[in-house]
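Tertiary structure, described
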Amino acid sequence: MKTVVIRRFGGPEGLEVVDLPVPVPAAGEVLVATEAIGVSGADVAIRRGALASYGFQEGHVPGGEVVGTVTAVGAGVDPSWTGRRVWAQTGVGGGYAERATAPLHDVLPLPDGLSAQDAVTVGSAGAVAHFGLAHAHFTAGEKVLVRGGAGSIGIMAVQLAARGGAAAVAVTTSSAARGERLRGLGATHVLDRSGTGDADAPETFDVIVDVVAGAELPSFFAKLAPNGRMVVVGAVAGQPPADFGTRLMASFQKSMSFATFSAATVPETELRAVRAEQFAAAGRGEIETVVHDVLPLDQAASAHRRMDTGEVFGRIVLTP
């Protein structure tokens, strides 16, 4: 089967299309014939080699989120799953392929009327945005800043904060054009990447959802209100400085909080319930999914080049 592997860490040219055997689902797993494959910031970080210290090695097959049809099941899985159209989280990789395995607890049937492209755009990002806001104890009437609003997680966080009754939803993004698109999704204020550029925006926020991290993260502590909470849900710009906490400690009397969030800490039953609800909402048009482009699987390197240049608004989807 056609598969994309990271032949060498670094630039997108390190991605290579190869022919590998079709995997066999292990006990508790299903095999999915992929119809849509999500390209994520995590895939990019792994390809660059930024996460090699976590055990990722060259030869890795990227891709953690797919939509397709179950074609086989492993031991202990009800055979009635065969033939069902599903969204599946494959784990830390394995998705950039014509066939991918996934544990049954990370597989959800899809409602009629929801396209594969839309499902692979909302499935993982929607849950991260939902539980990230919950991790920040966001409540209606609070002011929210989404740092890195143009990616799939940021777009979902903007919509969910607006639907949740936020008093203001500000975003950081790289261009006015992107800002206008985010306004259409619920943003009330548009800031540049440094967090400035809108004189009418609140000076401080109750909640900051940060998808970016990186060297500039500490500067955003100044935008937290007293008792404000920053939750980092991604690190597309890499790790923050080692001493980033000193900026937080310098504002000790503001009682601000900093946290990271990973969906891996959410109980499976809660994840499944939220994802099923969001799939249904997307199918009804209540949540807008934003697909930047759809490319063939063998153009994965091109997709990653576009991710590297920062031109992607929403999600790029690969198709076998």
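Residues numbered from 1 in each chain as written. Predicted model: local features only at pLDDT ≥ 70, side-chain atom pairs only at ≥ 80, totals over all residues. Heavy atoms only, no water.

Moving on, we come to the overall build of the protein chain. Of the regular secondary structure elements, the protein chain holds seven helices and 15 strands. Taken over C-alpha atoms, the radius of gyration comes to 19 Å for the protein chain, in line with the 20 Å a tight globule of 320 residues would show. In terms of principal-axis extent, the alpha carbons of the protein chain reach across some 55 × 40 × 35 Å. Across the 320 residues of the protein chain, 51% fall into the buried class. Summarising the internal contacts of the protein chain: among those between residues at least 6 apart in sequence, 69% fall at separations of at least 24. Distance from the positive charge centre (25 side chains) to the negative charge centre (32 side chains) of the protein chain: 2 Å. (Helix = DSSP H or I, 4+ residues; strand = E, 2+ residues; numbered from the N terminus. Rg over C-alpha atoms; globule rule 2.2 N^0.38 Å. Buried < 20%, exposed > 50% of the residue type's maximum accessible area, 1.4 Å probe, protein only. Contact = heavy atoms within 4.5 Å. Lys, Arg positive; Asp, Glu negative; His and termini not counted. Charge placed at Lys NZ, Arg CZ, Asp CG, Glu CD.)

All right, on to the packing of helix α1 (residues 41–48) against helix α7 (residues 300–309) then. It is the contact of α1 with α7, at a shortest axis distance of 11 Å, that shows an interaxial angle of 95°. When the axis of α1 is compared with that of α7, the two are roughly perpendicular. Judged by residue contacts, G41, D43, V44, R47 and R48 of α1 engage H304, M307 and D308 from α7. Class assignment of the residues belonging to the contact of α1 with α7 gives a composition of two nonpolar, two polar and four charged. (Axes fitted to C-alpha atoms, helices over the stretch in contact; angles between N-to-C directions. Parallel < 35°, antiparallel > 145°, perpendicular 65-115°, else oblique. Nonpolar A, V, L, I, M, F, W, Y, C, P; charged D, E, K, R; others polar.)

Time to look at the pairing of strand β14 (residues 291–296). Relative to strand β15 (residues 315–319), β14 is paired through five bridges, and the arrangement is parallel. Looking at β15, one finds that L295 is bridged to L318. Viewed along the sheet, the connection from β14 through α7 into β15 turns out right-handed. (Pairing = 2+ DSSP bridges. Right-handed = clockwise from strand over helix to strand, strands pointing away.)

Across the sheet, six strands lie side by side as β10-β9-β8-β11-β12-β13; this open sheet has parallel pairing. Where the open sheet ends on each side, the last strands, each with one partner, are β10 (189–191) and β13 (257–260). Averaged over all neighbouring strand pairs, the angle between strand axes comes to 15°, with direction disregarded. Judged from the four bridges that link them, strand β8 (residues 143–147) and strand β11 (residues 205–210) form a sheet pairing that is parallel. Looking across to β11, one finds that L145 is bridged to I208.

We now examine the packing of aromatic side chains. Evaluation of the coordinates by the stated rule reveals four aromatic pairs. Summarising the aromatic geometry, the rings of W87 and F279 are spaced 6.0 Å apart at their centres and angled 55° between planes, so their arrangement reads as tilted. You can see W87 sitting in strand β5 (residues 85–89) and its partner F279 sitting in helix α6 (residues 268–283), a full 192 residues away along the chain. Judged by its relative accessible area of 0%, W87 is buried. Exposure remark for F279: the relative accessible area of 1% places this residue in the buried category. (Phe/Tyr/Trp six-rings, centres within 6.5 Å; stacked < 30°, edge-to-face > 60°.)

All told, the structure shown has twelve salt bridges when counted by the stated rule. Here R48 makes a salt bridge to D308, at a shortest N to O gap of 2.8 Å. With R48 in helix α1 and D308 in helix α7, this pair connects stretches of sequence that are 260 residues apart. The partner of R306 in a salt bridge is D293, and the shortest N-O contact between them spans 2.8 Å. Within this pair, whereas R306 is found in helix α7, its partner D293 is found in strand β14, the two being separated by 13 residues in sequence. Judged by relative accessible area, which is 25%, D293 ranks as partly exposed. Linked through salt bridges whose partners overlap, the residues forming this network are R47, R48 and D308. (Salt bridge = Lys/Arg side-chain N within 4 Å of Asp/Glu carboxyl O.)

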